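Residue strings, one per chain:
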Amino acid sequence: METTLKNGEKWYDTDGNVIHAHGGHMLYHEGWYYWYGENRNDNNYVACYRSKDLKTFEFRGNIITTDTPVEKIRVHTDRKLFTQNEDGSIQKVNLERPKVLYCEYTKKFVLWVHYENGQNYLDARCAIATSDYPDRDFTYHGSFNPFGSMARDCTLFLDDDGRAYFIAASRDNADLHIWRLTKDFMNTDKLVNVLWQGEYREAPALFKKDGKYYMLSSHCTGWAPNQGKWSCADSIDGEWELLQNFGDETTFRSQPAFVLPRDGKYIYFGDRWGGSEHYNDSTYIVLDIKFDSDGAPFIEYDENAAL
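Below is a short write-up of the structure. (Residues numbered from 1 in each chain as written. Predicted model: local features only at pLDDT ≥ 70, side-chain atom pairs only at ≥ 80, totals over all residues. Heavy atoms only, no water.)

**Comments concerning the sheet that holds strand E14 (residues 188-195)**
Put simply, the test is: Here, strands pair whenever DSSP counts at least two bridges between them. Numbering goes from the N terminus for both helices and strands, where a helix is a DSSP run of H or I of at least four residues and a strand is a run of E of at least two. Helix axes use the C-alpha atoms of the stretch in contact, all axes being lines fitted to C-alpha atoms, and the angles between their N-to-C directions lie in the range 0 to 180 degrees.
One open sheet holds the four strands; their spatial order is E11-E12-E13-E14, and the pairing between them is antiparallel. The open sheet has two edge strands with one neighbour each: strand E11 (154-158) and E14. Adjacent strand axes in the sheet meet at a mean angle of 25 degrees, parallel and antiparallel pairs treated alike. One ladder, built from five bridges, connects E11 with strand E12 (residues 164-170); its direction is antiparallel.

Take a look at the structure:
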């Protein structure tokens with residue numbers, strides 16, 4: 001019997017447990033789709049699932065937790081994964097919107113994520129972790145501000161030439177910054193673009209089609225959904241078009257997580273957030289991205305996930 005996933009409903013893994021992969025990302029590697037995302041339960045930070053058919057998902061484990069081993073690297077970082085309160089209890093940090101790429105140069109899986117200290121959102125850092133495997137044995141390497149800049153809602157993008165980029169909301173979310181990564185994906189090498197000054201974009205999702213770069217993003221309205229926007233450019237470091245509407249006035253009650261290229265199609269993954277008090281009730285919507293005669297991307301709502 002074929003599985004049909006419904007948009008906006010809770011999804012379950014092959015063990016019958018709710019899938020917690022919020023603010024996530026997918027990596028296709030050796031026949032498997034690995035789905036990474038936030039799991040804020042217990043001492044967990046980042047969960048990993050895998051699937052061959054994008055219908056059924058096997059839970060592979062929580063790959064970043066408060067118990068994850070920590071290792072120093074050449075970049076100066078803050079390596080705290082938690083703080084201890086006076087009563088001995090653990091205060092978790094926040095690790096949000098995890099993204100993972102495979103680095104051909106080092107043969108490592110490299111995770112980048114938005115870091116905050118768990119008490120406020122003033123640190124605005126990125127953080128990195130690595131593993132020899134896509135779904136286990138990650139080592140945490142700490143958080144930092146790339147070239148001293150803020151980095152909040154973020155994504156990763158691997159271009160056809162092997163260059164990788166880290167995109168994040170910066171300057172108190174007023175702008176989106178694009179940094180090129182070093183060839184080992186372990187540091188930012190150069191700030192290559194600053195986009196949409198003062199337009200307050202977050203939740204970036206970048207993809208490439210027919211040689212053109214497209215980026216989706218949302219406005220900054222906390223947990224509440226808003227009108228999504230898209231833009232495109234002929235080069236990442238070049239001029240980007242003015243932002244245009246994507247989806248309806250609430251992006252079908254979602255916020256962009258990532259775009260998955262698959263079999264010549266481009267699939268929009270969005271989070272339908274439950275809010276701070278009902279975070280674990282957050283769900284997902286998955287829709288085909290279509291393109292009009294002028295090449296403008298758009299989505300139309302369907303109750304069935306486009307998987």
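**Regarding the packing of aromatic side chains**
Test applied: Two rings from Phe, Tyr or Trp (for Trp, the six-membered ring) form a pair when their centres sit within 6.5 Å of each other. Planes less than 30 degrees apart are called stacked, planes more than 60 degrees apart edge-to-face, and all others tilted. Three labels apply to residues, based on accessible area from a 1.4 Å probe with only protein chains included: buried if under 20% of the type maximum, exposed if over 50%, partly exposed otherwise in between. Criterion for a charge above a ring: Arg CZ or Lys NZ at most 6 Å from the ring centre, at most 35 degrees from the ring normal.
Going through the model one piece at a time under the given rule, you end up with 26 aromatic pairs. Relative to Tyr301, the ring of Phe252 has its centre 5.5 Å away and its plane inclined at 40 degrees; by these criteria the two rings are tilted. One end of the pair, Phe252, is in the loop between strand E18 (244-246) and strand E19 (255-262); the other, Tyr301, is in the segment after strand E23 (297-298), with 49 residues separating them in the sequence. Residue classification places Phe252 among the buried positions, given a relative accessible area of 16%. Each residue in the set Trp11, Trp35, Tyr49, Phe57, Phe59, Phe258, Phe269 and Tyr284 is aromatic and connected to the rest through ring pairs, giving one cluster. Above the ring of Trp32, the side-chain terminus of Arg50 is found at 3.8 Å from the ring centroid. The residue whose ring lies beneath Arg136 is Tyr133, and the NZ or CZ to ring-centre distance is 3.7 Å.

**Observations regarding the pattern of salt bridges**
How we decide: The term salt bridge refers to a pairing of a side-chain nitrogen on Lys or Arg with a carboxyl oxygen on Asp or Glu at a separation within 4 Å.
Under the counting rule described, the total for this entry stands at 26 salt bridges. Measuring nitrogen to oxygen at the nearest pair gives 2.9 Å for the salt bridge that ties Arg60 to Glu58. A salt bridge links Asp263 to Arg262, with the nearest nitrogen and oxygen atoms 4.0 Å apart. Residue classification places Asp263 among the exposed residues on the basis of a relative accessible area of 72%. One salt-bridge network, held together by shared partners, links Arg50, Glu58, Arg60, Asp135, Arg136 and Asp137.

**Here we look at the pairing of strand E1 (residues 22-29)**
Remark: a regular strand shows side chains that alternate across the two faces of the sheet. For E1, a buried count of seven out of eight residues is recorded, marking the element as mostly surrounded by other parts of the structure. Relative to strand E2 (residues 32-38), E1 runs antiparallel, the two sharing six bridges. When the bridges of E2 are listed, Met26 appears paired with Trp35. Where E1 folds back on E2, the antiparallel hairpin that results is connected by two residues, among which Glu30 adopts a positive phi of roughly 50 degrees.

**Some words on the pairing of strand E3 (residues 44-51)**
Among the eight residues that make up E3, eight are buried, leaving the element largely enclosed by the rest of the structure. In terms of strand pairing, E2 meets E3 through six bridges, oriented antiparallel. Counterpart to Gly37 in the pairing with E3 is Ala47. Connecting the antiparallel pair E2 and E3 is a turn made up of five residues, with Asp42 showing a positive phi of about 55 degrees. In the sheet, E3 pairs with strand E4 (residues 58-65) via six bridges, with the strands oriented antiparallel. By the bridge assignment for E4, Cys48 is matched with Gly61. Taking the residues between adjacent antiparallel strands as the criterion, E3 and E4 are bridged by six residues, where Leu54 takes a positive phi near 60 degrees.

**A short note on the environment of Lys190**
Heads up, the condition is: A contact between two residues is defined here by any heavy atoms of the two lying within 4.5 Å.
Its place among the elements puts Lys190 in strand E14. What makes Lys190 partly exposed here is its relative accessible area of 45%. C-alpha of Lys190 to C-alpha of Ile73: the two residues are 117 residues apart in sequence and 19 Å apart in space. Setting aside anything within four residues of it in sequence, one finds Lys190 in contact with Phe147, Ile178, Trp179 and Arg180.

**A word on the sheet that holds E1**
Pairing in this open sheet of four strands is antiparallel, and the strands run E1-E2-E3-E4 from one edge to the other. Of all the strands in the sheet, just E1 and E4 have a single pairing partner and so form its edges. On average, each strand axis in the sheet is tilted by 25 degrees relative to the strand beside it, whichever way the strands run.

**Here's the deal with unusual backbone geometry**
A positive phi angle is found at Glu30, which is not glycine, with a value near 50 degrees. Phi angles above zero are rare outside glycine, and Asp210 is one such case at about 50 degrees. With a relative accessible area of 72%, Asp210 lands in the exposed category.

Such coordinate-based values are descriptive only and should not be taken to indicate function.
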